[in-house]
Every structure is written in C-alpha cells, then in structure tokens.
Amino acid sequence: MAKLLYSATASLDGYIAGPGGDMSWLTEHLAGDNPTADRLLADVGAILAGNRTFGGDDPNRGTESEGAFGGQYHGPVFVLTHRPPDEPSADVTFVGDLDSAVAQAKEAAGEKYVNILGADVAKQCLRAGLLDEILIFFAPVLLGDGVRMFDDPGGEQVRLAPIPGETAHWYSVVR
C-alpha cells in the first residue's frame, strides 16, 4: 500500500519558499547530482499538492525543467482545494477534502509513494495521522522569512525516527 511522504527542500532556517511563495532562491541549489532525489522520483506513484503550491512559483518556470522534480515527474497529480479552476487540466485531479484526496492519490500510487508538495497539505496530513515519512533536503542558505517547512502554532510534538540505511534527513513518523 502507498505511503504518504512529505519531501521538500528547505533553507537552513526552515523555509521552503521565500516571502509570497517565491521559489527563485532555490534555482541555484538544484544544480548537480542528487542520487536520493533521483531514487525518490523512481518511487513516486502520485503527487498530492495544495492549491497554492500547484499554482505557485516554480524555480524552473519557463525552462525544460519546469514542474515537479525538475520537470521529470510524469504521473497522477491530485490537488487539494475548495476552489478548483473552471477549466481544469486533463492530467490533474482537483479534490475538495483531505480524506478523499489521500484515498485517490494512494490508489493511483499503488505500492509507491504519494509525494506531498506543500507545507499546508503536509500539516493537514500530519494532524490527521496520515503522514508516514518526511524527507528534507537542505540548501545552504538562510532566507529569514517565507513559508516554513512546518508551521503549526499550538500543534503537538511529533516524534520522528531516522529510516535505517537512508539519507540523513529521511524519517518515519512515530505513532
């Protein structure tokens, strides 16, 4: 059965996007080999994204690398939103509630990962007890402001356990 994985690249001070969702800061940090990201891409069966992430900035906008995983991901995409577009894309499914979005994405992913894109959807999945794993790549920069990797004022502490044999920042959510 599919697992839900939140993967993101964050600044060392914990931001995944700059103010206003700006992703341009990330462009210079995407160059070079990343065997973990390459391996992850092969194991992603579906993407579950929030509407702001789906319609937001892309550090590769206007290039061949635009899109998830530097434009290399080609598979089912589910967008959690209460405001689907009037003319949705043929290759994107817009879903109005978390449980349905997760169920549809897991079915589409089969035995692979549902990769979550977007801090708000990750937070919702974590709060609902649905998030299985977290993988964070860190870029050597301090943004100082923007969208935090996790921002849950008043939230509860969540224990994470390193996944044996995996990269340094790949964890399972301890339940």
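How each quantity is defined
- Residues numbered from 1 in each chain as written.
- Predicted model: local features only at pLDDT ≥ 70, side-chain atom pairs only at ≥ 80, totals over all residues.
- Heavy atoms only, no water.
- Salt bridge = Lys/Arg side-chain N within 4 Å of Asp/Glu carboxyl O.
- Helix = DSSP H or I, 4+ residues; strand = E, 2+ residues; numbered from the N terminus.
- Buried < 20%, exposed > 50% of the residue type's maximum accessible area, 1.4 Å probe, protein only.
- Core = buried A, V, L, I, M, F, W, Y, C linked by side-chain atoms within 4.5 Å.
- Contact = heavy atoms within 4.5 Å.
- Phe/Tyr/Trp six-rings, centres within 6.5 Å; stacked < 30°, edge-to-face > 60°.

(A) Fine view of the pattern of salt bridges. Counted under the stated rule, the structure contains 5 salt bridges. Linking Lys3 and Glu133 is a salt bridge whose minimum nitrogen-to-oxygen distance equals 3.3 Å. Pair noted here: Lys3 is in strand β1 (residues 3-11) and Glu133 is in strand β7 (residues 133-139), with a separation of 130 residues, a long-range link. Residue classification places Lys3 among the partly exposed residues on the basis of a relative accessible area of 40%.

(B) Here's a closer look at the nonpolar core. Grouped together as the largest cluster of nonpolar side chains are 44 residues, with contacts concentrated most on Tyr6, Leu48, Val114, Ile116, Cys125 and Leu131. If we ignore the near neighbours within four places in the chain, the residues touching Val114 are Ala2, Lys3, Leu4, Leu5, Ala46, Leu48, Ala105, Lys106 and Ala109. Of all hydrophobic cores here, the second largest spans 5 residues; its members include Ala17, Met23, Leu26 and Ala139.

(C) Summary view of the environment of Gly129. Structurally, Gly129 is set in the loop between α5 (119-127) and β7. With a relative accessible area of 38%, Gly129 lands in the partly exposed category. The spacing of Gly129 and Asp151 is 22 residues in sequence and 16 Å in space, taken between C-alpha atoms.

(D) Looking closely at the packing of aromatic side chains. Per the stated rule, a full pass over the model turns up 2 aromatic pairs. Judged by centre distance (5.1 Å) and plane angle (80 degrees), the ring pair of Tyr6 and Phe150 falls under edge-to-face. Taken together, the residues Tyr6 in strand β1 and Phe150 in the loop between β8 (147-148) and β9 (160-162) connect sequence positions 144 residues apart. Residue Tyr6 is classed as buried on the basis of its relative accessible area of 0%. Seen from their ring centres, Tyr113 and Trp170 are 6.2 Å apart, and the 45 degrees between their planes marks the pair as tilted.

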